[in-house]
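As a plain string of letters, each chain reads:
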Amino acid sequence: MDEFNKREIEYIISSFKCPKNFRCYKSGFKDICKVEDTGQELFVKCLEEDPRQCPFALRLGSYFCKCPLRIYIINKLKK
């Protein structure tokens, strides 16, 4: 990961509390939830088996993820 993305991620992390303690970032994106890019800047489609357990899940017909860090990761890092 380049320095720009690292700074962006650190800024995002400083802007909210994560109930999972930023496990996705701390694992080097190995322990990360499954999502699909929707082309939106505000949410991504959640592909987890039971998204109801996630505090970032938003049901709009399907489930969507509104975690700012997860959205950045899929949109900018394509992971």
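Because the structure is predicted, anything quoted here is derived from the model rather than measured.

The sheet built from 4 strands is open, its strands ordered β1-β2-β4-β3 with antiparallel pairing. Each end of this open sheet is capped by a strand with a single partner; those strands are β1 (35-36) and β3 (57-60). In the sheet, β1 pairs with strand β2 (residues 44-46) via 2 bridges, with the strands oriented antiparallel. Within β2, the position partnered with Glu-36 by the bridge is Lys-45.

Here we come to the nonpolar core. Note that soluble globular proteins tend to have their nonpolar side chains buried in a common cluster. Membership of the largest hydrophobic core comes to 19 residues, with the highest contact counts inside it found for Ile-9, Phe-16, Phe-22, Val-44, Cys-65, Cys-67 and Leu-69. Looking at this core, the elements with two or more residues in it are α1 (3-14) and α3 (68-77). Looking at this core, the element that brings in the most residues is α3, giving 6 residues. In contact with Cys-65, other than residues within four places in its own chain, are Val-35, Leu-42, Phe-43, Val-44, Cys-46, Phe-56, Arg-70 and Ile-71.

Rules used in this analysis
- Residues numbered from 1 in each chain as written.
- Predicted model: local features only at pLDDT ≥ 70, side-chain atom pairs only at ≥ 80, totals over all residues.
- Heavy atoms only, no water.
- Pairing = 2+ DSSP bridges.
- Helix = DSSP H or I, 4+ residues; strand = E, 2+ residues; numbered from the N terminus.
- Core = buried A, V, L, I, M, F, W, Y, C linked by side-chain atoms within 4.5 Å.
- Buried < 20%, exposed > 50% of the residue type's maximum accessible area, 1.4 Å probe, protein only.
- Contact = heavy atoms within 4.5 Å.

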